[in-house]
Amino acid sequence: MPQLTDDPGRPGTWMTPQEYGASRATLWTAAVVLVTDPDGRVLVQSVDYRADRLLPGGAVDAGESPAAAAAREMREELGVEGHYPHGLAVDWIPADTPGFPPEMGFPGEILHVYDGGTWASERIRSVRLPAQEVTGIDFAEPADLTTLMEPADARRALSALRARIAGGGPALLEAGRPTTPTALDRLGVLRTRRTPQHGAWIPGPVPAHLPVRERSGWLFAPDGRVLLLVARATGAVRLPPPTAEPAVAAFALGYRYAERGALARTAARLTAAGPTADPAYARLLATPEQVRELSDWGAAGHHELAAVHAARARLSLPAPPRTPPTELPEHGIRW
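Note that the structure is a prediction, hence the values are computed from the model and not measured. (Residues numbered from 1 in each chain as written. Predicted model: local features only at pLDDT ≥ 70, side-chain atom pairs only at ≥ 80, totals over all residues. Heavy atoms only, no water.)

1. Focus: the overall build of the protein chain
Consideration 1: Check the secondary structure of the protein chain and you find eight helices and 19 strands.
Consideration 2: Overall, the protein chain is about 85 × 55 × 30 Å in size when its C-alpha atoms are taken along their principal axes.
Consideration 3: Looking at the 335 residues of the protein chain, the share that counts as buried comes to 45%.
Consideration 4: For the protein chain, restricting intrachain contacts to residue pairs at least 6 apart in sequence, the fraction spanning at least 24 positions comes to 72%.
Consideration 5: Of the accessible surface of the protein chain, which amounts to about 16,500 Å², a share of 55% is contributed by carbon and sulfur atoms. (Helix = DSSP H or I, 4+ residues; strand = E, 2+ residues; numbered from the N terminus. Buried < 20%, exposed > 50% of the residue type's maximum accessible area, 1.4 Å probe, protein only. Contact = heavy atoms within 4.5 Å. Areas by Shrake-Rupley, 256 points an atom, 1.4 Å probe, with all protein chains shown as cover.)

What follows is the structure in structure tokens.
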């Protein structure tokens, strides 16, 4: 900040308060809230003044903090009282962004995305829409946001959702794109519809009479995180096959019913990750909670997650804190 003076003739970098004020950028400010349901779908609302869907929220009023604006907008638009102290992203929207008519004089905007949490069915039923402006709400599969929303809005929402799952703090965005992308951003996770696996969770081995449609493994690293595969071409995530990497102490964890057989899960402790065998997939280490949030497992997902943590304890491994998923090196790693 330059030194200020009321003497316009003073030499050097001094500026009058009027000069300094005129030199500063003027930007709008807005706040929106990202809410998900228990299946990881994102709340979007329909409005009567545009065809695209939006996250709930709006402009920050003069003298109002962004967090206070988020709470006010949720109350006005959805009839829901709440407090949203946790930010997921801050986005800089440039003045030349398409869609703003010239007569509006759009100067650019700083938009805050707050975490509205996961809403259970009771809270969703409590939504009360106003008489005008908001005409409805839906919970959308994350990958569908790109078709439901304006492109920059969809990028921002997906970036904020990835930041929430990663747990590394708020993302700084420019036109919806992270300035420091995480592994989830670089791989475009959630840009493809998740594969539904909504069958009931049954602990233990698959019965002999039931055909196994697919086998996958919860393979634990020494820090309690698990191996997750991400398709580089699509961003789709999956658990690896049980024999994907060297592991010990394997046992049957449980299975899910599927249309043509069981989806069997095993658990084991990794001893190493070899050199990349299939370059089409990136290998991440993630917490079990992150794996669930990146998957579409339905109501039985919490039962499988509980079984996974019981398996981790059985393997005498620690409970991992939520940290951004990390990509394993191509040459592998040994513990």
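Here the narrative resumes, following the displayed structure.
2. Notes on helix 2 (residues 66-78)
Consideration 1: Here helix 2 contains 13 residues, and its C-alpha end-to-end distance of 18 Å stays within 8% of the 18 Å for a straight helix at 1.5 Å per residue.
Consideration 2: Along helix 2, the residues classified as buried are Ala69, Ala70, Ala71, Arg72, Glu73, Met74, Glu77 and Leu78.
Consideration 3: Those residues of helix 2 that are buried are in contact with strand 1 (28-36), strand 2 (42-47), strand 4 (57-59), strand 6 (109-118) and strand 7 (134-140).
Consideration 4: Gly79 occupies a position one or two residues after helix 2 and carries a positive phi of about 70 degrees. (Expected span 1.5 Å × (residues − 1).)

3. Considerations on the pairing of strand 17 (residues 281-286)
Regular strands place side chains that alternate from one sheet face to the opposite one.
Consideration 1: Burial of strand 17 is extensive: five of the six residues sit out of reach of the surface.
Consideration 2: In terms of strand pairing, strand 12 (residues 226-231) meets strand 17 through six bridges, oriented antiparallel. Residue pairing in the sheet places Val230 in a bridge with Ala282 of strand 17.
Consideration 3: With two bridges connecting them, strand 17 and strand 18 (residues 326-327) associate as antiparallel partners. The partner of Leu285 across the bridge, within strand 18, is Thr326. (Pairing = 2+ DSSP bridges.)

4. Describing the environment of Ala313
Consideration 1: Structurally, the position occupied by Ala313 is in helix 8 (residues 301-314).
Consideration 2: Residue Ala313 is classed as partly exposed on the basis of its relative accessible area of 47%.
Consideration 3: Expressed as a C-alpha distance, the spacing of Ala313 and Arg256, which sit 57 residues apart in the sequence, is 22 Å.

5. Section: the pattern of salt bridges
Consideration 1: Applying the stated rule across the entire model yields 21 salt bridges.
Consideration 2: Among the ionic pairs, Asp153 bridges to Arg156, the shortest N-O distance being 2.8 Å. In this pair, Asp153 and Arg156 are both assigned in helix 5 (residues 151-166), three residues apart and thus about one turn of the helix distant. The same class applies to Asp153 as to Arg156, namely buried.
Consideration 3: Put simply, Arg50, Asp52, Asp91, Asp153 and Arg156 are held in one network by salt bridges that share partners. (Salt bridge = Lys/Arg side-chain N within 4 Å of Asp/Glu carboxyl O.)

6. Overview of the side chain of Ser46
Consideration 1: Within the secondary structure, Ser46 sits in strand 2.
Consideration 2: For Ser46, a relative accessible area of 18% translates into the label buried.
Consideration 3: In terms of polar contacts, Ser46 uses its side chain to reach the side chain of Arg53, at 3.2 Å.
Consideration 4: With near-sequence residues (within four places) excluded, Ser46 lies in contact with Arg53, Glu133, Val134, Thr135, Gly136 and Asp138. (Polar contact = N/O pair within 3.5 Å; in protein donor to acceptor, adjacent residues only side chain to side chain.)

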